[in-house]
Each structure stands twice: as structure tokens, then as C-alpha cells.
Amino acid sequence: MTVAIAALLAGGAQAQLVIEKGSDDRINWQSLEDFGAAHADLQGQSVTILGPWLGPDQELFTSIVDYFEDATGATVNYSGSDSFEQQIVIDSEAGSPPDMAVLPQPGLAAELAAKGHLRDLGEDTAQWVRDNYAAGDSWAALGTYAGADGAEKFFAFPYKADVKSLVWYVPENFEDAGYELPETYEELKALTEQIAADGETPWCIGLGSGGATGWPATDWVEDLMLRLNTPEDYDAWTTNALPFNDPKVVAAIEEFGWFAKNEDFVAGGPASVSSTDFRESPNGLFESPPACYMHRQASFIPSFFPEDMMVGEDYDFFYFPAPADGSLGQPVLGGGTLFAVFSDNPVAMAFIDFLKTPAAHELWMAQSGFTTPHTGVNMEAYADDTRRKMGQILLDATTFRFDGSDLMPGAIGAGAFWTAMVDFVGGASAQEVADRVQETWAALN
């Protein structure tokens, strides 16, 4: 009986593989074979991983983990937590962290690194990211922080990205009106003016989100910061090295106002922007006649579209375009997850190597909810055209920057910045609200 159970456990990972090895030619199976051959010494060992993924996300991640276990003979024990951010800090401070953690915010990773809790992943791994991810310098920088000794090292490996620089629209509405998709920021503004001149409303914008009202506007400002200023300015802004009331930031807020504070440009007029719930805001796209033609929001927003809508037919999206002169390249705003190592367990470092394989990305791509900047993946592995298009946006990016408000102190990014955007749309000037945020930030120091 014991032998039978042991055999069952040993073969369990292979029996549960969501895609049978070798059965799908979109997957780079050879990368898994090569990885397994290089880590044959892990047989019988184990690693613990703590992360924020629960429900479907946990199932998808563990389906990828199965291939690591199958290739190495090691066991992965993953635990998901709905209070992950608090739990990982508590466990680290108590000296009992997991071997690895899935970190949804670079700020949290930076804090853990500064306290000496994270293991250096090495310059070789940082260089691998630079060489194998589109906008690789951006991704390597995202996982690089000062350690307890003050020296900057690569502490967090990026995996699974999300795209925010998206504009949603209804193809039939564009076709009926004869509108073409804008390819530059100037064309986007010209299209906005053209739609208004035709007596229609270009945009639906809603900032309502209960106690978090205002956050959708922060994404607008972040995208505009990347289209009006350099990535270095953006980085300085998120740390307050560039003050929040600097003319560059004020100009980006005013640029948001060009869209949101014009009676002719936004459904319901500026007065409705803050009171309209962000989940209901895109509904205007689907009214007949349309209440608006465009809606800027991240990749998750179709979850709130009317039921039975088909992407590519009933709705679609395009990249929030960059300026025509090309001086700022193709910046993409987004989010993502980072894997960090807390122990000297060799299985943990091997798991980082596993995440470098194209297969570790393609196997999730072939299911759902995954996009990657890995330039070595087979784009045909994406399960649908939606994710493939988002993945292409990541591959075309020359700069990737994480959501700025998530990088700022909570009192700013999840407080003063939100309030400032509501006040701004309500009639306050960009300079006025920026000054207020800067006063709050200065008080934190």
C-alpha cells in the first residue's frame, strides 16, 4: 500500500498536466526538457511559495507549477492569501518567510529588500531580463532595489504582466461614422475633436469607486506623464524627486483635463465624471446611438461589459498611442507580478530559471489571463486574439512603467492623488490640486 501511494504521488504531477507534453506544437517543449536536464539534482526536494493568487488564478499558476515538478522531481507547495501583503511582512519579520513569494507591487519588494529579507538573484539574471524581455531595461530596473547594505541588486524576477495603456471602442460605431484608429497621440486628439465636431461624444470617463473614487484618473495622468515626459521624469515623479507640483506634472494633469473637463468631449459632461462608477462608465459604448466612442481603461474592464459581448466584434481596443515624433518611443503603462527569493533553498533559484523558459509562459498563455514581455515565446500560444494583441503591445514597447500610484506612498497613491483628481474634475486647477498633493507628500518626510 505504501509503495502504491508513493508511486501515485510521484506520478501525480504528470497525470495532472493541463496540456499533455508534446501534444501542442505551440509550446516550446524543448525548453522544458533542457531545463529538466540542467536541474536533475532536485529530485525529492521541495520549495514553498506564498502569493496573492486565489481561485482561478491559483489554479492557473499551479497548472504551470506541475511542469516544474514534472521536469525536476521537486515539489512546490504554494499557498495563496487574501492578506498576502501583510502576511509576507509578518512572516519575514518573524524569521519564518516562505522560500519564495509572488509580489504584486515593486514597492513591497523594495521594502523587503531594504530590510535584508530578499536574496540577490544575480547580475546574470538581471542581464537575462534585459536581453530577453521587450523593453528589458525597464523590467530589470523594476526588480532592482537597494539591499540592507544600500547596494542596488536584482532582487525580483518579473513574470505575468498586465497592460493599462488601452482604449476600448466598438468597431461597428467607428465603421458607421467613418473613423479610423489613431496611430499617434496627435491623431487621438484630432479624432476626439472630429467626433465632437460631428455632434457626437468622444469619451466615457468615470472615476467613481466608493472609497477609492478617483483612481481611474490616476491611470490617465500616468499614461500622459509617459507621453509628455521622459521615463526618467516619470521615475522621479513616483519617488517625489520630481515634486508633484512640478510644471511637468501639472501639464500632465491639465492634459487629462483637456479630455475630461470639456463639455463636448465626455458623456454627461465634466459634472458626471466623478459621480459615474468606473464599472458602469463604458456602458455608453454599447448604447444606440452610442453615448460615447472611446473609453480608456486597463485590460480587466471587459469583465464589466454587457453579457454576451464578443471581443473583435462587439468591442475591441487599441494602444493608447504615443507622440508622432517618436522621441519618447512606445511607452506602456501596466502592472505585473514579481518573484522574489527569501531563502538559500536551491529549488527556489531553480524556479527562477524555470520562469525564464518560453514554456513557463506559453503554457499559461494557452489558457487564459496571461500576457508576457518575453520575446522568446510563440505568440500563437495565446488562447485568444485579445491576449495576443495585448502581448504584442508589450513586445512593441520601448519603455514599460509600473502604475505610478502603486509606487507612491499609500497616503499619496491611494489617498491624496485620488482626491486631487476628483477636485480637479470638479473645477479646481491643476496647479492647485498638485500643490495640495505635494504638501501632503512633504508632510510624510
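In what follows, the structure referred to is the one given above.
Below or above, wherever it landed, is the structure these notes cover. (Residues numbered from 1 in each chain as written. Predicted model: local features only at pLDDT ≥ 70, side-chain atom pairs only at ≥ 80, totals over all residues. Heavy atoms only, no water.)

### Examining the pairing of strand S11 (residues 399–402)
Basically, it comes down to this: When accessible area is computed with a 1.4 Å probe and restricted to protein chains, residues below 20% of their type maximum are described as buried, those above 50% as exposed, and intermediate ones as partly exposed. Each helix is a run of H or I in the DSSP string that is no shorter than four residues. Each strand is a run of E no shorter than two, and both are numbered from the N terminus. Strand pairing is assigned whenever DSSP detects at least two bridges linking the two strands.
Covered by surrounding structure in S11 are Thr399 and Arg401 together with Phe400 and Phe402, the residues of both alternating faces. Pairing between strand S10 (residues 331–341) and S11: 4 bridges, direction parallel. Paired with Gly334 across the strands is Phe402, a residue of S11.

### A look at the pattern of salt bridges
Worth spelling out the cut-off: In the sections that follow, a salt bridge refers to a side-chain nitrogen of Lys or Arg positioned within 4 Å of a carboxyl oxygen of Asp or Glu.
As enumerated under the stated definition, the model contains 19 salt bridges in all. The salt bridge partner of Asp233 is Lys248, with a shortest N-O separation of 2.9 Å. Here Lys248 lies in helix H12 (residues 247–260) and Asp233 lies in helix H11 (residues 231–239), a separation of 15 residues in the sequence. With a relative accessible area of 15%, Asp233 lands in the buried category. Note on Lys248: relative accessible area 35%, which makes it partly exposed. Members of the salt-bridge network, linked through shared partners, are Lys164, Asp219 and Asp403.

### Brief notes about the packing of helix H3 (residues 55–72) against helix H14 (residues 346–356)
Here is the rule we go by: For helices, the axis comes from a line fit to the C-alpha atoms of the stretch in contact; other axes are also lines fit to C-alpha atoms, and the angle between any two N-to-C directions lies between 0 and 180 degrees. With respect to orientation, any angle under 35 degrees is reported as roughly parallel, any angle over 145 as roughly antiparallel, any angle of 65 to 115 as roughly perpendicular, and every other angle as oblique. Pairs of residues are marked as contacts when any of their non-hydrogen atoms sit within 4.5 Å. Residue polarity follows a fixed list, in which Ala, Val, Leu, Ile, Met, Phe, Trp, Tyr, Cys and Pro are nonpolar, Asp, Glu, Lys and Arg are charged, and the others, Gly among them, are polar.
In contact at an axis separation of 11 Å, H3 and H14 are set at 105 degrees when each is read in the N-to-C sense. Relative to H14, H3 is oriented roughly perpendicular. Contacts between H3 and H14 involve Phe61, Ile64, Val65, Tyr67 and Phe68 on the former and, on the latter, Val347, Ala350, Phe351 and Phe354. Residues of the contact of H3 with H14, tallied by class, amount to 9 nonpolar, no polar and no charged.

### So, the side chain of His117
Among the secondary structure elements, His117 is positioned in the loop between helix H5 (106–114) and helix H6 (123–132). Taking relative accessible area as the criterion, His117 reaches 16% and is therefore assigned buried. Residues within four places of His117 in sequence aside, it is in contact with Ser92, Glu93, Leu112, Val341 and Phe342.

### Quick word on the side chain of His361
Among the secondary structure elements, His361 is positioned in helix H15 (residues 358–365). With residues up to four places along the chain from it excluded, the contact list for His361 reads Tyr133, Tyr159, Leu355, Phe370, Thr372, His374 and Val377.

### Notes on helix H2 (residues 29–38)
Stated precisely, the cut-off is as follows: The arc under discussion is defined with respect to the helix axis, by the directions toward the C-beta atoms.
Along H2, the residues classified as buried are Trp29, Ser31, Leu32, Phe35 and Gly36. Viewed along the axis of H2, the buried residues span an arc of 155 degrees, placing them on a single side of the element. Along H2, exposed side chains directed more than 90 degrees from the buried face belong to Ala37 and Ala38. For H2, the elements touching its buried residues are H3, H14 and H15.

### Overview of the environment of Ala146
Inspection of the secondary structure assignment puts Ala146 in strand S4 (residues 144–146). For the pair Ala146 and Leu112, spaced 34 residues apart in sequence, the C-alpha to C-alpha distance is 9.9 Å. In this structure Ala146 touches Ala113, Ala114, Ala151, Glu152 and Phe155, once residues within four positions along its chain are discounted.

### Things to note about the packing of aromatic side chains
Heads up, the condition is: Between rings of Phe, Tyr and Trp, where Trp is taken as its six-membered ring, a pair exists when centres lie within 6.5 Å; planes separated by under 30 degrees are stacked, by over 60 edge-to-face, and by other angles tilted. In this scheme, Lys NZ or Arg CZ marks a charge over a ring once it lies within 6 Å of the ring centre and within 35 degrees of the ring normal.
The tally for this structure, following the rule as stated, stands at 52 aromatic pairs. Each ring, one from Trp53 and one from Phe61, has its centre 5.0 Å from the other, and the planes form 50 degrees; the classification is tilted. Of the residues examined, Phe61 reaches a relative accessible area of 1% and is grouped as buried. When the ring of Phe61 is compared with that of Phe339, the centres are 5.8 Å apart and the planes differ by 45 degrees; the resulting orientation is tilted. Within this pair, whereas Phe61 is found in helix H3, its partner Phe339 is found in strand S10, the two being separated by 278 residues in sequence. Positioned over the ring face of Trp258 is Lys189, at 4.5 Å from the centre of the ring.

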